[in-house]
Amino acid sequence: MSQQLSRGERWLSLLSNNAPRMPGLCPSLQVADGELDGQPARFIAVVPDADNHYPRAVHGEVGLLEGWGLAKVVKDTLAADAQKKQKRIIVAVIDVPSQAYGRREEAFGIHQALAAAAAAYANARLAGHPVIGLIVGNAMSGAFLAHGYQANQLIAFNDAGVMIHAMGKESAARITLRSVESLEKLAATIPPMAYDVASYHSLGLLDALLSLQQPDAPTDADRQQVMAALRQAVVNARQGDTSLRHRLGAENRRSSVLVRERMRAVW
């Protein structure tokens, strides 16, 4: 396997047993059909494309092509399985550094493209598809919201190469008029501001955190661990409800629960 592959592309190939990619999509959107525990599964990843038509999306960012492409792929999956009693598994393999920031993206409606992708994933979950988000690398900002955040179950690698946050440190520093160093000091005591995956896990948003030996060059044991976690996530998704209310159960989400209770009371 090429050393140039991103984590997302590498794990997509590994989990799908190198199944052929779905034709007709932009090169930065890769989709492969395979099986998971004997059940049909569709694996989806956004990957870098040095020749991307939009320069702001060459490093694996989710832009216009990727957003609309994700929406189409997931909506087509819903349509194909509409009459089936058991819905196909959808695995979002997540390694996305950001949404694509650019004037053309804003002018051409990137907000609509990413919203369409997020809505498609949410509709798949609500329709009974087990939607599993496997975070193998970065899961940043609007890219994560569009690709994977709406999953029934979220699994992440417990690794320094994984970062989950609303924005990068430098961007957050500019927005808050602070230095990166001061933000890091605050993050040590305020989990939502932290960038390490363990702090994110403390918010109750992850259903599993996996410690692998070699996430960039997975061993057989690594692959087996991930496959076991995916199988369990599918069981949980099929047995649980289709909402995301289970993400509010962590100690660090007490304020979120309180806000929702007060909003319901007012409305």
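Numbering of residues begins from 1 in every chain and follows the order in which that chain's sequence is written. Totals for whole chains, interfaces and linings use all residues, but because this is a predicted model, local features are given only for residues with pLDDT of at least 70 and pairs of side-chain atoms are given and counted only at 80 or more. Side-chain numbers come from the whole structure's heavy atoms, not from hydrogens or water.

(A) Here's a closer look at the nonpolar core. Ranked by size, the top nonpolar core spans 67 residues in total, and within it Ile-135 and Ile-164 carry the most contacts. In what follows, residue pairs with any heavy atoms lying within 4.5 Å of each other are defined as contacts. If we ignore the near neighbours within four places in the chain, the residues touching Ile-164 are Ile-135, Ala-139, Met-140, Phe-144, Ala-156, Ala-194, Tyr-195, Val-197, Tyr-200 and Leu-206. We define the nonpolar core as a collection of buried residues of types Ala, Val, Leu, Ile, Met, Phe, Trp, Tyr and Cys that are connected through side-chain atoms lying within 4.5 Å of one another. Remark: exposure states derive from per-residue accessible area (1.4 Å probe, protein chains only) relative to the maximum for the residue type, with buried under 20%, exposed over 50%, and partly exposed in between. By size, the runner-up hydrophobic cluster in this structure holds 5 residues, among which are Met-140, Ala-172, Ala-173 and Tyr-195.

(B) Up close: the pairing of strand E1 (residues 29-36). Strand pairing follows a simple DSSP-based rule, namely that at least 2 bridges must link the two strands. To qualify as a helix, a DSSP run of H or I must reach at least 4 residues; to qualify as a strand, a run of E must reach at least 2; elements of each kind are numbered from the N terminus. Relative to strand E2 (residues 39-46), E1 runs antiparallel, the two being bridged by 8 bridges. Its bridge partner being in E2, Val-31 is matched across the sheet by Ile-44. Counted between consecutive antiparallel strands, the loop separating E1 from E2 contains 2 residues, among which Asp-37 sits at a positive phi close to 55 degrees.

(C) Structural detail: helix H9 (residues 220-239). A helix is expected to span 1.5 Å for every residue after the first. In this model H9 runs 29 Å from its N-terminal to its C-terminal C-alpha over 20 residues, within 8% of the 28 Å that 1.5 Å per residue would give. Among the residues of H9, those classed as buried are Asp-222, Val-226, Met-227, Ala-229, Leu-230, Ala-233, Val-234 and Ala-237. Seen end-on, H9 carries its buried residues on one side only, within an arc spanning 160 degrees. For H9, exposure combined with an orientation more than 90 degrees from the buried face picks out Asp-220, Gln-224 and Gln-239. Taking the helix axis as origin, the arc is that swept by the directions to the C-beta atoms.

(D) Just the packing of helix H6 (residues 169-176) against helix H7 (residues 180-187), in detail. Closest axis-to-axis distance for the H6/H7 pair is 9 Å, and the angle between their directions is 100 degrees. The angle between the axes of H6 and H7 places the two elements in the roughly perpendicular class. Residues Lys-169, Glu-170, Ala-172, Ala-173 and Thr-176 of H6 lie in contact with H7, whose contacting residues are Val-180, Leu-183 and Glu-184. Residue classes in the contact of H6 with H7 are distributed as 4 nonpolar, 1 polar and 3 charged. Geometry is summarised by axes, namely lines fitted to C-alpha atoms with helices restricted to the contacting stretch, and by angles between N-to-C directions that run from 0 to 180 degrees. Note on terminology: angles under 35 degrees are roughly parallel, angles over 145 are roughly antiparallel, angles of 65 to 115 are roughly perpendicular, and the others are oblique. Only Asp, Glu, Lys and Arg are considered charged, only Ala, Val, Leu, Ile, Met, Phe, Trp, Tyr, Cys and Pro nonpolar, and every remaining residue, Gly among them, polar.

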